[in-house]
Amino acid sequence: MSAKSYRVNEIFYSLQGEGFWTGTPMVFVRLSGCNLRCPFCDTDHSAFTQMSADAIVAAARACGAACRRICLTGGEPSLQADEALISAFHAAGYSVHMETNGTRVLPAGVDWITVSPKLGGPVVLEKADELKLVLTSGVDPSEWASFPAQWHFLQPCDVHGRTNVAEVTAYIEAHPSWRLSLQTHKLLGIR
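Residues numbered from 1 in each chain as written. Predicted model: local features only at pLDDT ≥ 70, side-chain atom pairs only at ≥ 80, totals over all residues. Heavy atoms only, no water.

Caption draft 1: Quick peek at the layout of surface pockets. Here the second largest pocket defines a volume of roughly 150 Å³. Taken together, Gln-155, Pro-156, Cys-157, Asp-158, Thr-163, Val-165, Ser-181, Leu-182, Gln-183, Lys-186 and Leu-187 form the lining of the second largest pocket. Elements with a minimum of two residues in the lining of the second largest pocket: β8 (149-156) and α4 (184-188). The class makeup of the residues in the lining of the second largest pocket is five nonpolar, four polar and two charged. (1 Å grid on protein atoms, 1.4 Å probe; cavity = no way out; pocket = protein on both sides within 12 Å on 5 of 7 lines; lining within 4 Å. Points joined across faces, edges and corners; volume = space filled by probe spheres on them. Helix = DSSP H or I, 4+ residues; strand = E, 2+ residues; numbered from the N terminus. Nonpolar A, V, L, I, M, F, W, Y, C, P; charged D, E, K, R; others polar.)

Right under this line is the structure:
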C-alpha cells in the first residue's frame, strides 16, 4: 500500500440523503479541501486529519458495520482521491461512490459518479451516473439537461434554513425530464 496520506475532514455512517441513492446506508468519507468556494457550502475545510488509505478503510469499517458502500465527498474529493485509495476500498469489498463538482478528471475505478456542477467551475467530465444540480441564482438547468447521465436531479438550495423549494418544484413540473432531490438527511435530523 502507498505511504501517501489524505486530508480527511470526517468519516461517518448514515443514509444517503440526496439523489438516486437517497435512503441507502453509506459510509461517508469527507475529504478536506475544495477548488471552488460556494456560498452555501456547509463544510469547514480547515479541519482535517492526515490518514493513510489503510487507516481510512479501517475507520470506515469501524463505523459502518456491514455496510460496503463508500461515498467519497468533500469539498472536492478529486483533489485527493486516487487509484490507490479506490483500490484499497475495492480490496476491502466496498463499492465506491464519488460526489464531485466535475472540474477534474477522476481516478479509475469509481463505481458511481455524481456530478454536482457549481458556478465558477467548468465541468471537464464527459459523463456521470447522475447529475445533481443545486438551483442557485445564476444557474440555468436547461444548460445541463443534455449532460450525459442516466439521472438528472434538481435540488433546492438550503442556506441557513431558507430554501427555494417552490422555484425548484415549478421548474421540474414544467420540465419533467428532471427529478427532485431533497436533502432528506436534514429533514430527518441525521448526518
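Let's pick the thread back up.
Caption draft 2: Main features of the sheet that holds strand β4 (residues 69-73). The strand order across the open sheet built from nine strands is β3-β1-β2-β4-β5-β6-β7-β8-β11, with neighbouring strands paired in mixed fashion. Every other strand in the sheet has two partners, leaving β3 (49-52) and β11 (179-180) as the edge strands with one partner each. By the bridge criterion, four bridges tie strand β2 (residues 25-31) to β4 in an arrangement that is parallel. Its bridge partner being in β4, Val-27 is matched across the sheet by Ile-70. Helix α1 (residues 53-64) rests against β1 (5-15), β2, β3 and β4 of the sheet, and its axis sits at about 15° to β1. (Pairing = 2+ DSSP bridges. Contact = heavy atoms within 4.5 Å. Axes fitted to C-alpha atoms, helices over the stretch in contact; angles between N-to-C directions.)

Caption draft 3: Highlighting empty space enclosed by the protein. A complete count under the given rule lists one cavity of 30 Å³ or more for this structure. Put simply, the largest cavity is a space of about 80 Å³. Gln-16, Glu-18, Trp-21, Cys-71, His-97, Met-98, Glu-99, Trp-112, Thr-114, Glu-130 and Lys-132 are the residues that line the largest cavity. Of all the secondary structure elements, the ones that give two or more residues to the lining of the largest cavity are β5 (95-100), β6 (112-115) and β7 (128-135). Examining the composition of the lining of the largest cavity, we find that three residues originate from one element, β5, more than from any other.

Caption draft 4: Layout of the pattern of salt bridges. Within the structure shown, the criterion is met by five salt bridges. Taking the shortest distance from any N to any O, the salt bridge between Arg-30 and Glu-10 comes out at 3.0 Å. In this pair, Arg-30 is assigned in strand β2 and Glu-10 in strand β1, connecting sequence segments 20 residues apart. Between Glu-18 and Lys-132 there is a salt bridge, with its nearest N and O atoms 2.9 Å apart. (Salt bridge = Lys/Arg side-chain N within 4 Å of Asp/Glu carboxyl O.)

Caption draft 5: Spatial organisation of the packing of aromatic side chains. This model, assessed by the stated rule, comprises seven aromatic pairs. Summarising the aromatic geometry, the rings of Phe-20 and Trp-21 are spaced 5.5 Å apart at their centres and angled 80° between planes, so their arrangement reads as edge-to-face. Of the residues examined, Phe-20 reaches a relative accessible area of 34% and is grouped as partly exposed. The exposure class assigned to Trp-21 is partly exposed, which follows from its relative accessible area of 21%. Among the aromatic residues, those joined into a cluster by ring pairs are Phe-20, Trp-21, Trp-112 and Trp-151. Of note, Arg-7 hangs over the ring of Phe-48, and the distance from its end group to the ring centre comes to 5.9 Å. Above the plane of the ring of Phe-12 lies Arg-191, whose end atom (NZ or CZ) is 4.2 Å from the centre. (Phe/Tyr/Trp six-rings, centres within 6.5 Å; stacked < 30°, edge-to-face > 60°. Buried < 20%, exposed > 50% of the residue type's maximum accessible area, 1.4 Å probe, protein only. Lys NZ or Arg CZ within 6 Å of the ring centre and 35° of its normal.)

Caption draft 6: Expanded view of the environment of Ala-128. Within the secondary structure, Ala-128 sits in strand β7. Separated by 122 residues in sequence, Ala-128 and Tyr-6 place their C-alpha atoms 24 Å apart. When sequence neighbours within four positions are dropped, the list of residues in contact with Ala-128 reads Ile-113, Val-115, Phe-147, Pro-148, Ala-149 and Gln-150.

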